[in-house]
Amino acid sequence: MKTYDVIILGSGPAGIIAGVTAKKQNPDKSILMIAKDEKGLVPCGIPYVFHRLDDVSKNAMGPKPFVAAGGELMIDPAVSVNVENKRVKVESGTEYAYEKLVFATGSTPTVPTFIKGHELDGVKYIKKDYHYIETMKNDSDSLKNIVIVGGGFIGAEVAEQFQLTGKHNVSLIELEENCFSKAFSPELAAIATEEVRNTGVNVLTGTKVTEFAGDNGRVNSVKLDSGETLDAEMVIAAIGYKPNTQIAVDAGLEVNSIGALKVDQYGRTSADGVCAVGDCAGTVGFLTGTEDNIMLASTATAEARVCGYNMFGIRVKRCFSGTLGVFSTAINGLSMAAAGLNENTAKIANVHYLSAEFSDVDRHPGTLDDTSKMSIKLYASESDGSILGGEVWGGPSAGEIVNIIAMAIQKKVTVWDLVAYQVGTHPLLTTAPTKPLIVKAAEGIIAKMR
Ligand SMILES: Cc1cc2nc3c(=O)[nH]c(=O)nc-3n(C[C@H](O)[C@H](O)[C@H](O)COP(=O)(O)OP(=O)(O)OC[C@H]3O[C@@H](n4cnc5c(N)ncnc54)[C@H](O)[C@@H]3O)c2cc1C
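Bear in mind that the values here come from a model prediction, so they are computed numbers and not experimental data. (Residues numbered from 1 in each chain as written. Predicted model: local features only at pLDDT ≥ 70, side-chain atom pairs only at ≥ 80, totals over all residues. Heavy atoms only, no water.)

## Notes on the pattern of salt bridges
- A complete count under the given rule lists 18 salt bridges for this structure.
- For the salt bridge of Lys 262 with Glu 254, the shortest nitrogen-to-oxygen distance reads 4.0 Å.
- Judged by its relative accessible area of 41%, Lys 262 falls in the partly exposed class.
- Salt bridges linked by common partners bring Asp 54, Lys 137, Asp 141 and Lys 167 together as one network. (Salt bridge = Lys/Arg side-chain N within 4 Å of Asp/Glu carboxyl O. Buried < 20%, exposed > 50% of the residue type's maximum accessible area, 1.4 Å probe, protein only.)

And the structure:
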């Protein structure tokens, strides 16, 4: 039986980054990646396959960087793992031995088994699967009515893209009062929902799907609790993802309440030499210290880098204060991003905070032709002024400004530090030096502290 120093299960963002990092740190170690398919997708780019990219091949991603780094790739999915004798069995029946094993098996869409008719043909999911998405795109081209269930990032981005093709009537059904309500404050969620509506999508919030109805085994309509029925030749259920951990569970590894693998701050599971990274690994909220459910490529790759560096001894110290959710999107030209705490999450976690808002343009002078209005909302601890969260919306720089806020949260920066924060500015690139967004919002919080 062939033995590898490391075997990685999965070739998504987490598997690739764990593999590349581990191989670069340990060129002499043999590392095998076991994958289901050579052809993968940039998961975050999937919504744009349906319009902006207009071609699945333009959103391809695969384990090429891992192979280029000297790793070995095998397309033969793993079917079982034995953590006692450290073996992995693949679909073709062969067994391989390992010293270290990394689960990077990701997540799969949640199937709404609680909705009657969920098994009908034409009820689809946003699977991270090249061939499935390619078929879905081709099938959808000729369809008139598409109904998307779930107004989170994925549902809303997919709805926007289908609408922009100009070929379909698109409806988006969301149970909550607004779309994006899991990641954004009520204020930003309302702005974001309005922006989806502005694209022409028929957005129905505060609405529950009661049934997918059909004919001859194929969906043709969606029934709502309002009594309304929407025509639908395709339904896309975008109601969340669940960790793909059955093989690990069968091997006896411990999972949390949502079925994600329990890991410590270095990604180590309950079994000797076995780590888990990415969507299949559990997360702990940075503020609450309790189990939560963050599934982001940015989180997955950060976990994978830590795992890759530390595969054969701790090189990168991780004084872990929990997982920070950092979300960003752009709908109808409006960029929106959020990190950490907002009013909703503060209420759930019973956190005392102060917040302040500030708006300005992202160039100076504001008379320049390509300026966008920017708004920021910053949240800080009432007692020590440390930054706990932030939301930014407006022009494209929102995504990177929120990344600065994310760094501030993780490095425990306070509003007082931000007043002395040194930044670079330029008329064509940033806000004016007299009013950097983050600094002005920090000053707003300081004013409330006095
Ligand atoms: C439409 C969409 C948009 C998104 N947008 C964003 C975004 O803008 N920003 C962001 O940060 N995140 C985004 N995400 C989330 C992000 O895609 C996930 O967090 C990320 O894919 C997690 O990476 P992963 O490698 O852990 O898992 P996955 O991407 O799920 O990859 C897991 C891999 O493991 C393979 N595998 C599973 N079982 C086996 C087995 N038995 N043997 C071998 N291989 C196996 C799978 O085939 C797959 O290739 C988005 C997700 C979707 C679906």
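## As for empty space enclosed by the protein
- Here the structure, examined in full by the defined rule, presents one cavity of 30 Å³ or more.
- By volume, the largest cavity amounts to about 30 Å³.
- The wall of the largest cavity is formed by Ile 258, Asp 279, Ala 281, Gly 282, Thr 283, Asp 292, Asn 293, Ile 294 and Met 295. (1 Å grid on protein atoms, 1.4 Å probe; cavity = no way out; pocket = protein on both sides within 12 Å on 5 of 7 lines; lining within 4 Å. Points joined across faces, edges and corners; volume = space filled by probe spheres on them.)

## Structural notes on the site of the ligand
- Near the ligand there are 30 residues, and of these Ala 14, Lys 128, Asp 279, Leu 296 and Ala 297 occur at the shortest range.
- When the ligand sits alone it has 1,000 Å² of accessible area, and the protein chains cover 87% of it.
- When residues of the shell around the ligand are traced back to their parent elements, those giving at least two are α1 (13-25), β2 (31-35) and α8 (297-309).
- It is α8 that provides the largest number of residues to the shell around the ligand, a total of three residues.
- Counted by class, the shell around the ligand contains 18 nonpolar, nine polar and three charged residues. (Near = heavy atom within 4 Å. Areas by Shrake-Rupley, 256 points an atom, 1.4 Å probe, with all protein chains shown as cover. Helix = DSSP H or I, 4+ residues; strand = E, 2+ residues; numbered from the N terminus. Nonpolar A, V, L, I, M, F, W, Y, C, P; charged D, E, K, R; others polar.)

## So, the nonpolar core
- Ranked by internal contacts, the top residues of the largest apolar core, which has 57 residues, are Ile 133, Ile 148, Phe 180, Phe 184, Phe 212 and Ile 236.
- With five residues, the single largest contributor to this core is helix α5 (residues 153-164).
- Beyond its immediate sequence surroundings of up to four residues, Ile 148 is in contact with Gly 155, Val 158, Ala 159, Phe 162, Val 170, Ser 171, Leu 172, Ile 173 and Ile 236. (Core = buried A, V, L, I, M, F, W, Y, C linked by side-chain atoms within 4.5 Å. Contact = heavy atoms within 4.5 Å.)

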